[in-house]
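What follows is the residue order along each chain.
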Amino acid sequence: MSQARPLPGFNGLRALACLSVIIYHLNQHRSVTDLALWNWDLYQFVETWPVNVSLFFILSAITNSLPFWRAIIRDMAIPKARALFVSRFFRIAPAYYFALVFTFFLAIFLNGYQDGAFIRLLSGASFLAWIHPFTFFPVDINGPLWYISFDMMGAILIMGMMSIIIRVRKIFIPGVILATAWILAGLHLWFITLPFPKIEGIMSEWFPYFNPFIFGLHFLMGAIIAGILVWREKKAHSESLWQDIFFIFTAIGLVLFLWCIREAGDFEYTWLHGAHRFPFATTLIVLLVFLSPGTKYIHKWLDNHVFHTIARLSYSVYLWHAVVMVLMTRFIFNGQHDLLMPDWILLAIGTFIGGFSLSWLSYTYIEIPVSNWWRVRCERKKMEE
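Residues numbered from 1 in each chain as written. Predicted model: local features only at pLDDT ≥ 70, side-chain atom pairs only at ≥ 80, totals over all residues. Heavy atoms only, no water.

Chemist: Sorry if this is basic, but what is going on with the pattern of salt bridges here?
Modeler: Think of it this way: side chains of opposite charge can pair up when their charged atoms draw near. All told, the structure shown has 6 salt bridges when counted by the stated rule. Among the salt bridges present, the one from Asp41 reaches Arg262, with a minimum N-O distance of 3.4 Å. Of this pair, Asp41 sits in helix 2 (residues 37-46) while Arg262 sits in the loop between helix 10 (241-260) and helix 11 (280-291), placing them 221 residues apart in sequence. Like Arg262, Asp41 is buried. The shortest N-O distance in the salt bridge between Asp140 and Arg120 comes to 2.8 Å. Of the two residues, Asp140 sits in the loop between helix 5 (117-125) and helix 6 (146-165) while Arg120 sits in helix 5, which places them 20 residues apart along the sequence. A residue is classified by how much of its surface remains accessible, and Asp140, at 42% relative accessible area, is partly exposed. A single salt-bridge network, built from bridges that share partners, covers Arg70, Arg74 and Glu233. (Salt bridge = Lys/Arg side-chain N within 4 Å of Asp/Glu carboxyl O. Helix = DSSP H or I, 4+ residues; strand = E, 2+ residues; numbered from the N terminus. Buried < 20%, exposed > 50% of the residue type's maximum accessible area, 1.4 Å probe, protein only.)

Pasting the structure below:
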């Protein structure tokens, strides 16, 4: 079995996470004036959807840890952490850097140069935007780029931990994982006590509670699930209708949980004042990820052609959809952000069409060429050795 073999259903889960992020950001442009009760409830419900960022983190952790688990459990070739990380870098960084620099200059064109903008650009380029509330958003007009620094920190965490795990006796693996969890929790509790300055806006709520240590626990849960999935691969567990049933009930449970807490603050129903309803929503998401490969029918539906295409473009969609929304609200809706339904539908259509069009260009002419260049370079170097 190839180290890179995708797990059944994961394309669909990644596609659903991508779509939920777009809809969440679109939801913030809806006018809430004089909404009917059902419409206001729906608005609040969609505002809870950032929990799906956990799904991105979990899938990323599984991708990064699978080669190590397959070496440990299935006696496959031992991966080189450095090579995997560099490959990850060349998969993630080029399109991110292009989007980062483009939106940096676009922000200057639209709003003029803001004090400290270049420092924020550098912090984003070095994946250190998380270290200070001022740098948390690397550019003004592309808020979702905050996520990339955390994804890269998560990759470093997982590959570092797995490099240790692969070198110790199997009996010590749970201890390494438990120690990592305690260290991350401790660093989180230390980080949130630091005397950071208060900045107006969403940063007054998010920072310092959004940090790579609490999100590291999301990644850690993904790595644990990856190990269990590889163990199940080795045991050749067959698909089961029961897992379809459990998947459906878990999905319903997640939806009901979010619906019931739709009026709650961002850090209610959390542990350690963590982000994205950790660990309650995170546990349900992890369970969905775990069940997906073993379902009899659901993973086939999740891996349909449309979801496969969306999943393939999902990273670029994440990088570009907010730019389309900014340009449309600026030049079509005259800077108005709270739109009535006819205008909001036009914004949604334009965001999907424009976002996926830019994403296809980014994927076709940046992501894949650079990734292929690096892969060929590595293969050539291996042959020379």
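Next comes the rest of the write-up.
Chemist: Would you explain the packing of aromatic side chains in this entry?
Modeler: The description of an aromatic ring pair rests on the distance of the ring centres and on the angle between the ring planes. One pass over the full model with this rule turns up 50 aromatic pairs. Between Trp242 and Phe246, the ring centres sit 6.2 Å apart and the planes meet at 35 degrees, which makes this aromatic pair tilted. Taken together, the residues Trp242 and Phe246, both in helix 10 and 4 residues apart, mark about one turn of the helix. Residue classification places Trp242 among the exposed positions, given a relative accessible area of 58%. A residue is classified by how much of its surface remains accessible, and Phe246, at 46% relative accessible area, is partly exposed. Measuring from centroid to centroid gives 6.0 Å for Trp360 and Tyr365, while their planes differ by 90 degrees, and the two rings are edge-to-face. Residue classification places Tyr365 among the exposed positions, given a relative accessible area of 57%. Directly above the ring of Phe290 sits Arg232, whose terminal nitrogen or CZ lies 4.6 Å from the centroid. In this structure, Arg262 is placed above the aromatic ring of Trp259, and the distance from its NZ or CZ to the ring centre is 4.3 Å. (Phe/Tyr/Trp six-rings, centres within 6.5 Å; stacked < 30°, edge-to-face > 60°. Lys NZ or Arg CZ within 6 Å of the ring centre and 35° of its normal.)

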